[in-house]
Structures are given as structure tokens and as C-alpha cells.
Amino acid sequence: MEEINTIQSLPEYTEEYKQQQHQQVLEAEVVHEWECVLRTKVKLFGTLIVGGAGIIFVGVMNYLHPNDFLLLLCGGGVLMFFPVCYFLFYPDYDYKGQITPKGIIIQKTERVPEIFYKATRGMAYIGIVVCVIAALMVGPLAFVGAGAFALLSFKMTGFHKQTEIDIHPFHQNNSYQVLISRLDDMYQWDIYTFLCDVPDFIDTDYYDLHIMSFECKASDFANIESVLKEYVSFID
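Note that this is a predicted model, so its numbers are computed, not measured.

Chemist: Can you help me understand unusual backbone geometry in this one?
Modeler: One can expect most non-glycine residues to show negative phi and most peptide bonds to be in trans. Of note in this structure, Asp190 is not a glycine but carries a positive phi near 50 degrees. With respect to the secondary-structure elements, Asp190 resides in the loop between strand E5 (177-183) and strand E6 (191-197). For Asp190, a relative accessible area of 54% corresponds to the exposed category. With a phi close to 70 degrees, Asp203 is a non-glycine residue in the positive phi region. Its location among the elements puts Asp203 in the loop between E6 and helix H7 (206-210).

Chemist: In this structure, what is going on with helix H8 (residues 221-228)? I would like to understand it.
Modeler: What sets the pattern is the α-helix's 3.6 residues per turn: residues three or four places apart point alike. What H8 keeps buried is the set Phe221, Ile224, Val227 and Leu228. All buried residues of H8 project into a common sector of 125 degrees when viewed along the axis, lining one side. Against the buried residues of H8 lie strand E1 (32-38), strand E2 (93-100), strand E3 (103-110), E5, E6 and strand E7 (212-217).

Chemist: How should the sheet that holds E6 be read in this particular structure?
Modeler: Within a sheet, each strand pairs with its neighbour through backbone hydrogen bonds, oriented either parallel or antiparallel. The antiparallel open sheet is built from three strands, whose spatial order is E5-E6-E7. What marks the edges here is a single partner per strand, and that holds for E5 and E7. Across this sheet, the average inter-strand angle for adjacent strands is 10 degrees, counted without regard to direction. Relative to E7, E6 runs antiparallel, the two being bridged by six bridges. Directly across from Ile191, in E7, lies its bridge partner Lys217. Lying over the sheet, H8 contacts E5, E6 and E7, oriented at roughly 145 degrees with respect to E7.

Chemist: What is the right way to read the environment of Glu29 from this model?
Modeler: Within the secondary structure layout, Glu29 lies in the loop between helix H2 (15-27) and E1. A sequence separation of 69 residues divides Glu29 from Gln98, and the C-alpha atoms of the two residues are 9.6 Å apart. Excluding its chain neighbours within four sequence positions, the residues that come into contact with Glu29 are Ile99, Thr100 and Pro101.

Chemist: Would you explain the layout of surface pockets in this entry?
Modeler: Unoccupied space between atoms shows up once a probe the size of one water molecule is rolled over them. The space that makes up the second largest pocket amounts to roughly 180 Å³. Surrounding the second largest pocket, Pro11, Tyr17, Gln21, Gln24, Val25, Lys102, Pro169, Phe170, His171, Gln172 and Asn173 form its lining. Element by element, the count of residues in the lining of the second largest pocket is highest for H2, at four residues. Of the residues that constitute the lining of the second largest pocket, the class distribution is five nonpolar, five polar and one charged.

Chemist: Mind showing me how you'd approach the confidence of the model for the protein here?
Modeler: A low pLDDT means the predicted coordinates there should not be read in detail. Confidence in the prediction of the protein, expressed as mean pLDDT, is 77, and 57% of residues score 70 or more. Here residues 145-151 is modelled with pLDDT under 50, and outside its nearest four sequence neighbours on either side it reaches ten contacts, counting other chains as well.

Chemist: Could you clarify how one ought to interpret the nonpolar core in this entry?
Modeler: For soluble globular proteins, nonpolar side chains are generally found buried alongside one another. Counting 32 residues, the largest nonpolar core has Trp34, Ile104, Phe214 and Leu228 as its most contacted members. Secondary-structure elements contributing two or more residues to this core are E1, E2, E3, E6, H7, E7 and H8. Setting aside residues up to four positions removed in sequence, Phe214 forms contacts with Trp34, Tyr95, Ile104, Ile106, Tyr192, Thr193, Phe194, Phe221, Ile224 and Leu228.

Chemist: Explanation requested: the packing of aromatic side chains in the structure shown.
Modeler: The geometry of an aromatic ring pair comes down to the distance between the two centres and the angle between the two planes. Summed over all chains, the structure comprises eleven aromatic pairs. Three or more aromatic residues joined by ring pairs form one cluster here, namely Trp34, Tyr176, Tyr192, Phe194, Phe214, Phe221 and Phe234. For Lys108, the ring lying beneath its charged end belongs to Tyr93, and the centroid distance is 4.6 Å.

Chemist: What is the right way to look at the pattern of salt bridges in this model?
Modeler: When their charged atoms lie close together, side chains carrying opposite charge are able to pair. This model, assessed by the stated rule, comprises four salt bridges. Salt-bridge contacts for Asp92 lead to Arg39; the nearest nitrogen and oxygen are separated by 2.7 Å. Taken together, the residues Asp92 in the loop between helix H4 (68-89) and E2 and Arg39 in the loop between E1 and helix H3 (43-64) connect sequence positions 53 residues apart. One exposure class covers both Asp92 and Arg39, and it is buried. A salt bridge links Arg111 to Asp94; the nearest nitrogen and oxygen atoms lie 2.8 Å apart. Of this pair, Arg111 sits in the loop between E3 and helix H5 (114-138) while Asp94 is found in strand E2, placing the two residues 17 residues apart along the sequence.

Definitions and cut-offs
Residues numbered from 1 in each chain as written. Predicted model: local features only at pLDDT ≥ 70, side-chain atom pairs only at ≥ 80, totals over all residues. Heavy atoms only, no water. Helix = DSSP H or I, 4+ residues; strand = E, 2+ residues; numbered from the N terminus. Buried < 20%, exposed > 50% of the residue type's maximum accessible area, 1.4 Å probe, protein only. Arc of directions from axis to C-beta. Contact = heavy atoms within 4.5 Å. Pairing = 2+ DSSP bridges. Axes fitted to C-alpha atoms, helices over the stretch in contact; angles between N-to-C directions. 1 Å grid on protein atoms, 1.4 Å probe; cavity = no way out; pocket = protein on both sides within 12 Å on 5 of 7 lines; lining within 4 Å. Points joined across faces, edges and corners; volume = space filled by probe spheres on them. Nonpolar A, V, L, I, M, F, W, Y, C, P; charged D, E, K, R; others polar. pLDDT = per-residue confidence, 0-100. Core = buried A, V, L, I, M, F, W, Y, C linked by side-chain atoms within 4.5 Å. Phe/Tyr/Trp six-rings, centres within 6.5 Å; stacked < 30°, edge-to-face > 60°. Lys NZ or Arg CZ within 6 Å of the ring centre and 35° of its normal. Salt bridge = Lys/Arg side-chain N within 4 Å of Asp/Glu carboxyl O.

See the structure below:
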């Protein structure tokens, strides 16, 4: 009965309500912030796997259709795409969290030098030319690998640095339960993951809006948790 009354006392969930909640967080004073870098543990291994697959493809194509010029073009293209795989498929992120009395703001920005984006866009156009030449010289068989390579090249012509912003408004009239509070084995450098929700909001539209999650360095978590407890309550 208490859960039903809690939901009924809330304003109607609309896009306007959601935007209002987000705006309150953005306009509130920042009382605490932290930064860290997110890097997956499989970054280097994954890059080698993708690059190795490209090398195997070039080797097979050269075996089926020996051609020094084609080998040079495709081999050069694969080598150029090693750094692309490293940064594009497994990007690092500059991660910044901010706590306000109304909620949390999370910013994730791809951690790649701007010159790389310019170089990647240039290599993408070269990759398109390589794929077209390969298709003309080898025939339809080239589209087995070159077609996917061309699609990737077209995608990267619009490659720019991206910043993701997530806003987690507090619902201060309800207590949060902790779902995850641990070191995350997905990232390097002892990154701590925290996730909690409002049990009363399960199976309602309010659930995703007021769920709270973030990453931080393990050494920063105790301080962040202490600040959060000034504004929201947690179920013991």
C-alpha cells in the first residue's frame, strides 16, 4: 500500500517531467566532482585480433590472386587501420562525475588526440579508393572482405570526438538500494563501479530516470559515498 501511495503522489511521468528533472540537476551548484580514465583490459588484445584478421585476409587474397600492387595497397591499408582499431573499437574515455544537491552529472569523452580524428578521416578516403581498386582488379570475390572494409571507411569519414552526458536526478523522498558496489574487472587501474535504484519505482517509468550509476577510482569512492549520503538515503 505504501508503494502504491508513493507512486500516486508523484507527478505524471511525461517528457516534460523528465526534462524538468534534468534541468534542475544541471542548474544546481556542483558540490563535489571527480575524474578518472576508463580503459578496457582487452584493448591491446582486441586490437591485435582485429589487425591479425586483416592481415590474414590480405594473405588469402594475395594467395588466390597474386598481385604485388594489390598486396601493397591492401597491406598498407591494414597497417594504417591498426591505430584506428586501437582508438575506434576500444576507445579510452576521460570520465568526469559531478554531484549536485539535485543529482549526478556524468561526462564521458573519447580520449583521443584531435590529430588522430583528422588522420582517420584522411585514411578513410584512402581506404575507399583501395577497396574500389581491389574490386576492379580482383572481381566480385573482393567484396567478401573489401565490402566490409569499404563500409567501415565510409563510417570513419565522419569520425569526430564524442562526449556522452548522462544525468541522474535524485529522488530525495525515497530510499535507494545498492545493487552493485565493487571493483570493476572490465577496466584497468582499479576502477570502482556503483549502481543503485529506488525499489518503489521498479516496473514504472520513473525507474530508469532515477536510477543512479557511476564509475570512479577505487580510492575516491569513500569520499563520493559520503557526499551522496548528505542528499539521499540508502537502505541498510
